[in-house]
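Topology and contacts: notes
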Amino acid sequence: MLIFNNQNELVAHLASVSNTATTIGFVPTMGALHQGHLSLLSEAVTNNSITVISIFVNPTQFNNPEDLAKYPRTLDADIEKIKTVSDKIIVYAPSVDDIYKGNTVSQPFDFDGLENQMEGQFRPGHFNGVGTIVKRLFEIVKPTNAYFGEKDFQQLQIVKKMVEKAQMPVQVIGCPIYREANGLAMSSRNERLSETEKKEAAIIFKTISHAKKLFATKSATEVTIWVKKTFEKNQNFALEYFQIADEATLLPCIRKNKTKKYRAFIAVFINNIRLIDTISLN
Ligand code: PAF
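Below or above, wherever it landed, is the structure these notes cover.

Rules of the game
Residue numbering note: each chain is counted from 1, following its sequence as written. Restriction of local features to residues with pLDDT of at least 70 applies here, the model being predicted, together with a cutoff of 80 or more for giving and counting side-chain atom pairs; totals for whole chains, interfaces and linings are based on all residues. Note: side-chain values were computed over all heavy atoms of the structure, leaving out hydrogens and water. Between any two strands, pairing holds if DSSP finds at least two bridges. A run of DSSP states H or I qualifies as a helix once it reaches four residues; a run of E qualifies as a strand once it reaches two. Both are numbered from the N-terminal end. Whether two residues touch is decided by their heavy atoms; if any such pair falls within 4.5 Å, the residues are in contact. Axis definition: a line fitted to C-alpha atoms, over the contacting stretch in the case of helices. Angles run 0 to 180 degrees between N-to-C directions. We call a residue near a given molecule or strand whenever any one of its heavy atoms falls within 4 Å of it. Two N or O atoms form a polar contact when they lie within 3.5 Å of each other; inside protein one atom must be a possible hydrogen donor and the other a possible acceptor, and for residues adjacent in sequence the pair counts only when both atoms belong to side chains. Residues are grouped as follows: Ala, Val, Leu, Ile, Met, Phe, Trp, Tyr, Cys and Pro are nonpolar; Asp, Glu, Lys and Arg are charged; all remaining types, including Gly, are polar. Oblique is the label for every angle not falling under 35 degrees (roughly parallel), over 145 degrees (roughly antiparallel), or within 65 to 115 degrees (roughly perpendicular). Crossings are classed by handedness, with left-handed meaning an anticlockwise turn of the near helix from the far one by less than a right angle and right-handed meaning a clockwise turn. For every residue, the accessible area (1.4 Å probe, protein chains only) is compared with the maximum for its type, and the residue is labelled buried under 20%, exposed over 50%, or partly exposed between those bounds.

Regarding the sheet that holds strand 4 (residues 90-92)
Judged by pairing direction, the sheet is parallel, and its 6 strands sit side by side in the order 1-4-3-2-5-6 without closing on themselves. With partners counted over all chains shown, the strands left at the sheet margins are strand 1 (3-4) and strand 6 (171-175), one partner each. As defined by bridge partners, strand 5 (residues 145-149) adjoins strand 6 across 5 bridges and the pair is classed as parallel. Among the inter-strand pairings, tyrosine 147 is bridged to a residue of strand 6, identified as isoleucine 173. Lying on the sheet, helix 1 (residues 7-17) is in contact with strand 1, strand 2 (24-29), strand 3 (50-55) and strand 4; it crosses strand 4 at an angle near 155°. Against the sheet, helix 4 (residues 75-85) makes contact with strand 1, strand 3 and strand 4, and its axis sits at roughly 160° relative to strand 3, the strand it touches most.

Listed below in C-alpha cells is the structure:
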C-alpha cells in the first residue's frame, strides 16, 4: 500500500500512473475510519481505476479548540482498515505544513447562503475551513469522482456548490449514512462515547425517525416543538438545533410545499461530544 505524506510526491506518482483513460476516485476524510468511510472507499474502488483517500484532521474547520485537540487520530488502525477494502488504495496523510505551508488560515467562500444555516450558524468559520481544505485536496488529487457521506448533508451540498462555482472537473457523489444496530449514525466522534453513551445516543435517530412520521401530518413548527420537548425531558443530552429544511436551499421550511424535498437536521451534545444526524422527510 502506498502512503504519501508529501503532496509533491503524491502528484508525481499520480501523474506517472495516469493516462487519459484513468479515473481517480477520491475519499477525503479526517481519519478514525468507520464502516461508513469504508463504504465510500468500496464505491470509489468499484467505479474508478485509482482510489485515493486523504487522512487529515483539518485545523481550519474547527471552531472549538477542545474539539480539535480531542479529535481521534488513529492512523495505524486506519491503514489496516483501508487494507480490508483494497491494498491498492493510495493514502495521502499530510502534515498541517504540507497543506498550509506555514499559513494555517481558511479562505472566504460564498456558497449562496448554504453556509449560513445550521452548522454554519453554530460553527462560525467551519465551512470556510471545509471549502479551503476540500478545494486544496481536489487541486492536489485531481479526482474524477469524489465521495462524501450524507450524514454531513450540508457539507455535501456546500462541496457541490463550490465545485459548480469554481467549475472544477469533479463529480461529487453523496453516499448513504451508515448506522450502528441501534440507529446511531456512524461518526469518528463516536469513538469518544462510552458504551453507555453509545446506547443512549440511539435517541437521536429514534427522535428524527419519529419526526419524519409526524411531518406527514404536522407542520415543521409542530414537529420542531415536539423534538425540543423530547430532548428537554432527557437530561443527558443538550439539543443544539433541530431544523426541517429544503434539501436544495437548506432554508427552514415555513410552510410545506409539495414540490419540494425536505430533510430534518439535528445537532446534539452528549457529555460535551457533538453529534449530528439527518433524515430525508419526503
Ligand atoms: O467530513 C469530513 O471528514 C471533513 O469535513 C472533510 C470533508 C474530510 C474535510 O476536512
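As for the site of the ligand
Close contacts around the ligand come from Pro28, Thr29, Met30, Asn58, Gln61, Ile133, Phe148 and Gln155, and that covers them all. Glutamine 61 has a polar side-chain atom sitting 2.6 Å from an oxygen atom of the ligand. Side-chain polar atom of glutamine 155 to an oxygen atom of the ligand: 2.7 Å apart, as the coordinates give it. The class makeup of the residues in the shell around the ligand is 4 nonpolar, 4 polar and no charged.

Let's talk about the packing of helix 7 (residues 126-141) against helix 8 (residues 153-166)
The contact between helix 7 and helix 8 brings their axes to 10 Å, and the two run at 55°. Here helix 7 is positioned oblique relative to helix 8, judged by the angle of their axes. For the crossing formed where helix 7 meets helix 8, the hand is right-handed. Two secondary-structure elements touch here, helix 7 through Phe127, Val130, Gly131, Val134, Lys135 and Phe138 and helix 8 through Gln154, Gln155, Ile158, Val159, Met162 and Val163. When the residues that make up the contact of helix 7 with helix 8 are grouped by side-chain class, the tally is 8 nonpolar, 3 polar and 1 charged.

Description of the side chain of serine 86
Inspection of the secondary structure assignment puts serine 86 in the loop between helix 4 and strand 4. Its relative accessible area of 17% is what places serine 86 among the buried residues. In terms of polar contacts, serine 86 uses its side chain to reach the backbone amide nitrogen of lysine 88, at 3.0 Å. Sequence-distant contacts of serine 86, that is, excluding residues within four places in its chain, are made with Met1 and Val45.

Thoughts on the sheet that holds strand 7 (residues 237-246)
Reading across the sheet, the 3 strands line up as 7-8-9 and stay open at both edges, with antiparallel pairing between neighbours. The sheet is open, and its two borders are formed by strand 7 and strand 9 (273-280), each paired with just one other strand. Each strand of the sheet is rotated relative to its neighbour by a mean of 15°, with strand direction disregarded. Alignment of strand 7 against strand 8 (residues 262-270), held across 9 bridges, turns out to be antiparallel.

Some remarks on unusual backbone geometry
With phi around 50°, alanine 32 is a residue other than glycine that occupies positive phi space. Locating alanine 32 in the fold gives a position in the loop between strand 2 and helix 2 (35-47). One non-glycine residue with positive phi stands out, namely lysine 142, at about 50°. Topologically, lysine 142 is positioned in the loop between helix 7 and strand 5.

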